[in-house]
Amino acid sequence: MISVSRLLSPQFYAIQQRSVVKMSASATQTAGGGVSHGSMAIKPPSHPTYDLKAVIELALAEDAGDTGDVTCMATIPFDMEVEACFLVKEDGIVAGIALAEMIFEQVDPSLKVEWMRKDGDYVHKGLKFGKVTGNAHKIVVAERVVLNFMQRMSGIATLTKLMADAAYPARILETRKTAPGLRLVDKWAVLIGGGKNHRMGLFDMVMIKDNHISAAGGIINAIRSVDEYLTLKNLEMDVEVETRTLEEVREVLEYVSGSKTRVSRIMLDNMVVPLENGDVDVTMLKDAVELINGRVETEASGNVTIETVHKIGQSGVTFISSGALTHSVKALDISLKIDTELALEVGRRTKRA
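About the thresholds
- Residues numbered from 1 in each chain as written.
- Predicted model: local features only at pLDDT ≥ 70, side-chain atom pairs only at ≥ 80, totals over all residues.
- Heavy atoms only, no water.
- Buried < 20%, exposed > 50% of the residue type's maximum accessible area, 1.4 Å probe, protein only.
- Helix = DSSP H or I, 4+ residues; strand = E, 2+ residues; numbered from the N terminus.
- Arc of directions from axis to C-beta.
- Contact = heavy atoms within 4.5 Å.
- Salt bridge = Lys/Arg side-chain N within 4 Å of Asp/Glu carboxyl O.
- Core = buried A, V, L, I, M, F, W, Y, C linked by side-chain atoms within 4.5 Å.
- Domains from an automatic or database assignment.
- 1 Å grid on protein atoms, 1.4 Å probe; cavity = no way out; pocket = protein on both sides within 12 Å on 5 of 7 lines; lining within 4 Å.
- Points joined across faces, edges and corners; volume = space filled by probe spheres on them.
- Nonpolar A, V, L, I, M, F, W, Y, C, P; charged D, E, K, R; others polar.

**Quick look at helix 10 (residues 283–292)**
So, point 1. For helix 10, every residue scored as buried is listed here: L285, A288, V289 and I292. End-on, the buried residues of helix 10 take up no more than an arc of 100 degrees, which puts them together on one face.
So, point 2. Looking at the buried positions of helix 10, the neighbouring elements they touch are helix 9 (246–258), strand 10 (263–269), strand 13 (297–301) and helix 11 (309–313).
So, point 3. Of the residues trailing helix 10, N293 is marked for its positive phi of about 55 degrees.

**As for the environment of V55**
So, point 1. Examined against the element boundaries, V55 turns out to sit in helix 2 (residues 52–64).
So, point 2. On the basis of relative accessible area, V55 is assigned to the buried category, the value being 18%.
So, point 3. Aside from chain neighbours lying at most four places away, what touches V55 is Y50, F149, G181 and L182.

**Points about the environment of L291**
So, point 1. Within the secondary structure, L291 sits in helix 10.
So, point 2. For L291, a relative accessible area of 27% puts it in the partly exposed group.
So, point 3. Spatially, the C-alpha atom of L291 lies 7.9 Å from that of V249, the residues being 42 residues apart in sequence.
So, point 4. When neighbours within four sequence positions are excluded, L291 is seen to be in contact with L246, V249, R250 and L253.

**Quick look at the pattern of salt bridges**
So, point 1. All told, the structure shown has 14 salt bridges when counted by the stated rule.
So, point 2. Note that K330 is salt-bridged to E90, the shortest N-O span being 3.2 Å. Separated by 240 residues along the polypeptide, K330 in the loop between helix 12 (324–327) and strand 15 (334–337) and E90 in the loop between strand 2 (81–88) and strand 3 (92–93) bring together distant segments of the chain.
So, point 3. Taking the shortest distance from any N to any O, the salt bridge between R265 and E297 comes out at 3.1 Å. Taken as a pair, R265 in strand 10 and E297 in strand 13 lie far apart in primary sequence, 32 residues in all.
So, point 4. Sharing partners across several salt bridges, the network here consists of E240, R265, E297 and E299.

**Side note on the nonpolar core**
So, point 1. Among the nonpolar cores identified, the biggest contains 54 residues, and F86, L99, F104, M150 and W188 are the most heavily contacted of them.
So, point 2. Lining this core are residues from two domains, each supplying at least three of them: domain 1 (52–156 + 331–350) and domain 2 (161–328).
So, point 3. When residues no more than four places from it in sequence are discounted, the contact partners of L99 are L52, I56, F149, M153, V185 and W188.
So, point 4. With 43 residues, the next largest nonpolar core counts M163, I213, I266 and V317 among its residues.

**Let's talk about the layout of surface pockets**
So, point 1. Computed from the structure, the second largest pocket encloses a volume of approximately 370 Å³.
So, point 2. The wall of the second largest pocket is formed by 20 residues, among which T175, K177, K209, S301 and S321 lie closest to the centre.
So, point 3. Among the secondary structure elements, those contributing two or more residues to the lining of the second largest pocket are strand 10, strand 13 and helix 12.
So, point 4. Taken together, the residues of the lining of the second largest pocket break down into four nonpolar, nine polar and seven charged.

Structure follows, in structure tokens:
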């Protein structure tokens, strides 16, 4: 098992004194109900149809059902005011702070939130890094939805930070292998962790993959069809083509050198060969990068892990894409507690604080 605290960059250990950020839960909403990015450390990626507020409403609605929080209604006086603190139970990169503010706003705009860290900061086990003050019923209603988003986003950001540091000078990308309905949220977490976003969806970049190539009757037929389509529709967007062999790389390069084409990146798929001893052979990948010689961007894909990404990054590729950043995420353990002293006592007993 590789330790997160050992792999994270040294600068994250130099936790400097920070002024506490105080704001009402409504600080991230505009008067008309939309999302304002003014107070965010790292803005979410753009999407033409994604409604983040609706995603939050759906998450709250699936928790409330048609009755609401019966336990809260039974046990907590409706007018009780409390303070609840965010506690992190393992080392990592915190993400989802800006999204948490949006959720608190939708539950109760009068809730007051204070943060001692911002999205993208390193947090260590046992740290209190924020608090929310206001109506106890509303805080507990928001608690699980806030934590579900923050824990997932922080897990993604933590792994992204590890991978991005190890991959340098290559840039680490996620893929479209995100949780259904959480595409923007997952990709936002990648940005917070220091990664770079791949295409958001099917609409913002052409990616010619193996099935397209097979259906089109070959890799050059597929590229040519894309070029003709983009010209016909007067569309301006990047084009990436997947290659699986050095011969396909040569075919693409020959086409690129002799035609007016939109191809700007070549994916080098599964050119990282796993070895029985757990290492990888990047010879084929390096050969492909040498063939391309900077004429277009390159992207390595396949057999990318925290153990292999450094070696892949030294091959000369521009980008490394990893579906594991979002499809196999381990959530970072975070809690929100009204009685923090008791929570810390329990945490110490269970070695999580």
